[in-house]
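# Coordinate inspection notes
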Amino acid sequence: MEADTVEQLRREAAEYYRVHRVQQRMEDALNALFPLCPADLYGDLANYFSKFSKAPVICKVAGRKVLDGVGQPTLEVEIYCTVKNYEKRICSAVISSHYQIPENALSGTNEADEKERNDSVTTAVEWVNESLNTMLRDLKPTDQCEIDKVLGEYFSKKVEEKKEIEKEKEEEDTVFITSCAPSEVAPSGQKKEAKTGKKSDAETTIPPAEPSESVLCGSLAIGGTSLAIAKAGASINLTPLYLHIALLKNSQDPPKEMTLPLPMVTLLSCERFSLAKLRLVKEVMLIPPVQLSIKQGIERALDIQKEMMRLLEPAGKAPSPQPADSKKGKGRNKEKKASPPALKRISHLGCLIMGCDNLEQPLLLVQTACNNIGLELGTDMYLAINCAAHELMDYVKGKYEILTGTFRSPDEMVDMYVELVNKFPSIIALVDPLRKEDRQQWNNVCCALGSKCYLIAEDAATNTSKLKTDQNINIPMCSGVVLKYVNQTKISDLVELTGLLDGQRRITILGSPDGESSDDSLVDLAVGLGARFVKLGGLSRGERVTKYNRLLAIEEELAKNKTLRYDANFEFTDFAEESQAENQQAEVLPPPQQDSVPSQLSVPALQGHNTPAQLLESSTLT
C-alpha cells in the first residue's frame, strides 16, 4: 500500500515538473554554463532560472511621516513586492511639500500653516496605509499607467467627498443666517459694501487676482505613491529611473541619445524681510554655457559662490559692487569685524542671503565676483532672475512694489525689464516677471525680449494636474513653464504635460519646491522627461547638493555609455516675428465662427509657436 502511494507521488511529481519544463530547462542551464565554468556556479544557476520566475507584484504599500530639509513633516512611501515568493522592500520615495518657506521660518513659523501641514501629512499617511495599500495589492509596479489611473480615480473620489461635505456645511450656514434677525445682519453687510467700494477705483485698473488653488488635505499620498511606484518599476527592470521615465514618455522606445537639463544654480536670495529696499528679486541664478559639461558648469558656479562669500564677508551688509581689496586689506577687515553667522547667511534654498537697495546692486556684485576670478558674464556664465512678481502686487494701488515705497504699473514693469536686459545682456531668463493675470503685459514682454531671453512662468502656471486636465485653465504667453512634483501630481501627468509643452515649443523646467527632501528623484525626472533646465536651488545644504551629485552621476553614466548629447546653443523664440506671421495669416484666412472659442480663451498667449491648428484644438492648454 505504501509502495503504491510512493509511486503515485512520483508520477505526480514527474508530471508537475514536466508541465513546468523543469528537466529541459535544467539541462539547458547546465549545458550553457559548463563551457563558462563560472566561479559561482549556483549564483549563475540562480540568475539563469530567475528569468522564468513570476513578475513581482505589490504586496504592501506603507506610508510614514518624515522630516524634510527644513525640519518640517512630509510623506515617505515604501513599496514592498512579492519577489520569488518572498516579501521584499523594493524602494521608497519622499515627496516634497508645496508649502512655501519664508526666510524667517527658522525662527518661528505660522501656527495655522504648521497645523495644516501636519494634518495634510497625517491624512496622506492614512490614505497610503489603508485605502491605497489595499487597492494596489497584486498589481505590477511596472504598470505605471494602470496604477496612476487607480490613483487618479481614488483622488477624484476624495474630491467629490470634500465637495459634499462643503455643500452640507453651506446649507447649515444658510439655515443659521436666515434664522438671524435682519437687523443683526445688515450692518456687517453695509460695512463690506463700503469696503469694496473703496477699492473699486484702484482695482478696476488691473485684472483681479485669480483665486488660489485649493489643495486637498492628504493629496501628498497620490504624488508620493506614484513616484514610489516609478522607482520600484525601474528597480525591478534593472534600469535607472531616468531611463525608465524616458521609456514611459517614448512608448517604451529606448532613446539613442539623451540630453541633460542645464542647472539653474541659485546664487543669491535678496531678503525681502530685511531693512533693504529691493523687493523685486527673489533669486539670482547662474546658468552655465551649453558648451560646458555639467561638471565644469557646477565647478564654475562654485568658484563664483566662493568669491561672492569672500566679497560679502568683510561687512554684515551688502558691499558696494567694486573689485575686491588686496589680500592685506582683507586681513585687516577680518580682524576688525567678524563675519556674520553662517545660519543667517545661507537660505533654505541653499544660497547666500543679502539685502539690496536697488535692482542693479546684486547684478553688479555678481559681475564683480566673476571679473575677480577671470570670468565674463554673458560668455563664461549667464544669469537668470526669479522675480516672483506675484508676491509684490499692491491691489489698492494696482501696482507692483519693486522697492520699498516705489511702485510700477504692469506696463511700466515691461519697460523696466527691457531696460534691464539691454543693460545686462547676460540675463537670459526671467522667471515670473509678472502676475499670471497680466496677460497683455506677458504678451508685450515676450514680444520685446523673447528673441534673447526666456520668459518663464512658475507661479503664473497653475498646478500640474490642473494644467493637464482642465481645458479652461490657461497660461500666459511664455517661453516655458516650471513644473513641480507636489501633491496629487502623478508621473503620468508629467509625461503627458511635457509632451504637450514640447508640441507647443515651450521649454520645460523641473523645479524643486521650498521644502525639499534628500530624495534625488527630481533629477531623474528632469533627465527622463527631456527638460531644458532643472531648478534645484543653491550649492549648499544637503538636500540640495545631493541632487547636483545625482546630476553629475547621470552625466558620467551617459558619457560612459556614449549616449550623451549636448545641445548646440540656447534657442530663443522671436514672439514678435511670429505674431506678425500669425496676423498676416489671419488676414488671408476666413474669420472664425463667433461661438467656436470663448472670448476669454482666444488670446495669443494660449497658442503654441508655429503650432498647427489641429494640435491647438486638441491640446489641453488651449
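### Remarks on the packing of helix α8 (residues 241-249) against helix α16 (residues 491-503)
Working note: a packed helix pair is described by the angle between its axes plus the distance between those axes. Two elements in contact, α8 and α16, have axes whose closest approach is 10 Å; the angle formed by their N-to-C orientations is 60°. Taken as a pair, α8 and α16 cross one another with a handedness that is right-handed. Here Ile245, Leu248 and Lys249 of α8 lie close against α16, whose contacting residues are Ile491, Val495, Thr498, Gly499 and Asp502. Grouping the constituent residues of the contact of α8 with α16 by class yields four nonpolar, two polar and two charged.

### Description of the pattern of salt bridges
Applying the stated criterion across every chain yields a total of 28 salt bridges. A salt bridge links Asp502 to Lys249, with the shortest nitrogen-to-oxygen separation between them at 2.8 Å. One end of the pair, Asp502, is in helix α16; the other, Lys249, is in helix α8, and 253 residues separate them in sequence. By relative accessible area, Asp502 is classed as partly exposed at 41%. In this structure, the salt-bridge partner of Lys535 is Glu458, at a minimum N-O distance of 3.6 Å. Highlighted residues: Lys535 in strand β15 (residues 533-537) and Glu458 in the loop between β12 (454-457) and α15 (464-469), separated in sequence by 77 residues. Just as Lys535 is buried, Glu458 falls in that class too.

### A look at the pairing of strand β4 (residues 262-270)
Along β4, nine of the nine residues are buried, which leaves the element largely enclosed by surrounding structure. Judged from the four bridges that link them, β4 and β15 form a sheet pairing that is parallel. Across the sheet, Pro263 pairs through a bridge with Val534, a residue of β15. Where β4 meets strand β5 (residues 283-287), three bridges bridge the pair, whose relative direction is antiparallel. Note that in β5 the partner of Val265 across the bridge is Leu286. As defined by bridge partners, β4 adjoins strand β6 (residues 352-354) across three bridges and the pair is classed as parallel. Its bridge partner lying in β6, Leu268 is registered against Leu352.

### Let's talk about the sheet that holds strand β1 (residues 57-67)
Taking strand neighbours across the sheet as the criterion, the three strands line up as β1-β2-β3 in an open arrangement whose pairing is antiparallel. At either end of the open sheet lies a strand with only one pairing partner, and these are β1 and β3 (86-95). Direction aside, the axes of adjacent strands within the sheet are offset by 20° on average. Both β1 and strand β2 (residues 73-83) contribute to a ladder of 10 bridges, which runs antiparallel.

### Focus: the packing of aromatic side chains
All told, the structure shown has nine aromatic pairs when counted by the stated rule. Arranged with centres 5.4 Å apart and planes meeting at 70°, the rings of Tyr16 and Tyr17 form a pair that is edge-to-face. Given a relative accessible area of 44%, Tyr17 falls into the partly exposed group. Geometrically, the ring pair formed by Trp127 and Tyr154 is edge-to-face, given 5.5 Å between the ring centres and 90° between the ring planes. Remark: Tyr154 occurs in helix α5 (residues 144-179) and Trp127 occurs in helix α4 (residues 111-135); sequence separation between them is 27 residues.

### Let's talk about empty space enclosed by the protein
Counted under the stated rule, the structure contains five cavities of 30 Å³ or more. Taken as a whole, the largest cavity holds about 120 Å³ of empty space. Listing elements by their share of the lining of the largest cavity, those giving two or more residues are β3 and α17 (521-529). The greatest single-element share of the lining of the largest cavity, amounting to three residues, is contributed by α17. Grouping the amino acids of the lining of the largest cavity by side-chain chemistry returns seven nonpolar, four polar and three charged.

### Some thoughts on the sheet that holds strand β8 (residues 393-394)
What the three strands build is an open sheet, ordered β8-β9-β10; its pairing is antiparallel. The sheet terminates laterally at β8 and β10 (406-408), the two strands that pair on one side only. As paired elements, β8 and strand β9 (residues 399-403) share two bridges and run antiparallel to each other. Opposite Asp394, over in β9, you have Lys399 as the bridge partner.

### Quick notes on the confidence of the model for the protein chain
Of the residues in the protein chain, 78% have a pLDDT of 70 or more, and the chain-wide mean is 82. In this model residues 183-204 is a low-confidence stretch, pLDDT under 50, and it forms seven contacts with partners more than four residues away in sequence or in other chains. When the criterion is pLDDT under 50, residues 322-344 qualifies, and its contacts beyond four places in sequence or with other chains add up to 21 contacts.

### Regarding unusual backbone geometry
Although it is not a glycine, Asn85 adopts a positive phi angle of roughly 75°. Within the secondary structure, Asn85 is located in the loop between β2 and β3. Residue classification places Asn85 among the exposed positions, given a relative accessible area of 77%. A positive phi is found at Ala388, a non-glycine position, where the angle reads about 45°. Here Ala388 is to be found in the loop between β7 (382-386) and β8. We classify Ala388 as buried; its relative accessible area is 2%.

### Some details on a nonpolar patch on the surface
Nonpolar side chains collect at one region of the surface, where Tyr16, Tyr17 and Val22 lie side by side and expose about 300 Å² of accessible area between them. Along the chain, Tyr17 falls in helix α1 (residues 2-19).

### Regarding the nonpolar core
One finds Leu280, Val366, Tyr417 and Leu430 to be the most contacted residues of the largest nonpolar core, which totals 124 residues. Per-element accounting of this core gives the leading share, nine residues, to helix α7 (residues 220-236). The contacts of Leu430, once residues within four sequence positions are left out, are Ile385, Cys387, Tyr417, Val421, Leu449, Cys453, Tyr454, Leu455 and Ile456. With 17 residues, the next largest nonpolar core counts Met264, Met285, Val290 and Phe533 among its residues.

### Here's the deal with the pairing of strand β14 (residues 507-511)
Among the five residues in β14, five count as buried, and that is most of the element. Burial of β14 is two-sided: the residues Ile507, Ile509 and Gly511 facing one way and the residues Thr508 and Leu510 facing the other way are all buried. In terms of strand pairing, strand β13 (residues 480-483) meets β14 through four bridges, oriented parallel. By the bridge assignment for β14, Val482 is matched with Ile509. The parallel pair β13 and β14, bridged by α16, forms a crossover whose chirality is right-handed. Relative to β15, β14 runs parallel, the two being bridged by three bridges.

Rules used throughout
- Residues numbered from 1 in each chain as written.
- Predicted model: local features only at pLDDT ≥ 70, side-chain atom pairs only at ≥ 80, totals over all residues.
- Heavy atoms only, no water.
- Axes fitted to C-alpha atoms, helices over the stretch in contact; angles between N-to-C directions.
- Helix = DSSP H or I, 4+ residues; strand = E, 2+ residues; numbered from the N terminus.
- Left-handed = near helix turned anticlockwise from the far one by under 90°.
- Contact = heavy atoms within 4.5 Å.
- Nonpolar A, V, L, I, M, F, W, Y, C, P; charged D, E, K, R; others polar.
- Salt bridge = Lys/Arg side-chain N within 4 Å of Asp/Glu carboxyl O.
- Buried < 20%, exposed > 50% of the residue type's maximum accessible area, 1.4 Å probe, protein only.
- Pairing = 2+ DSSP bridges.
- Phe/Tyr/Trp six-rings, centres within 6.5 Å; stacked < 30°, edge-to-face > 60°.
- 1 Å grid on protein atoms, 1.4 Å probe; cavity = no way out; pocket = protein on both sides within 12 Å on 5 of 7 lines; lining within 4 Å.
- Points joined across faces, edges and corners; volume = space filled by probe spheres on them.
- pLDDT = per-residue confidence, 0-100.
- Patch = residues over 30% accessible without salt bridge, like charges linked within 9 Å, V, L, I, M, F, W, Y side chains within 5 Å.
- Areas by Shrake-Rupley, 256 points an atom, 1.4 Å probe, with all protein chains shown as cover.
- Core = buried A, V, L, I, M, F, W, Y, C linked by side-chain atoms within 4.5 Å.
- Right-handed = clockwise from strand over helix to strand, strands pointing away.

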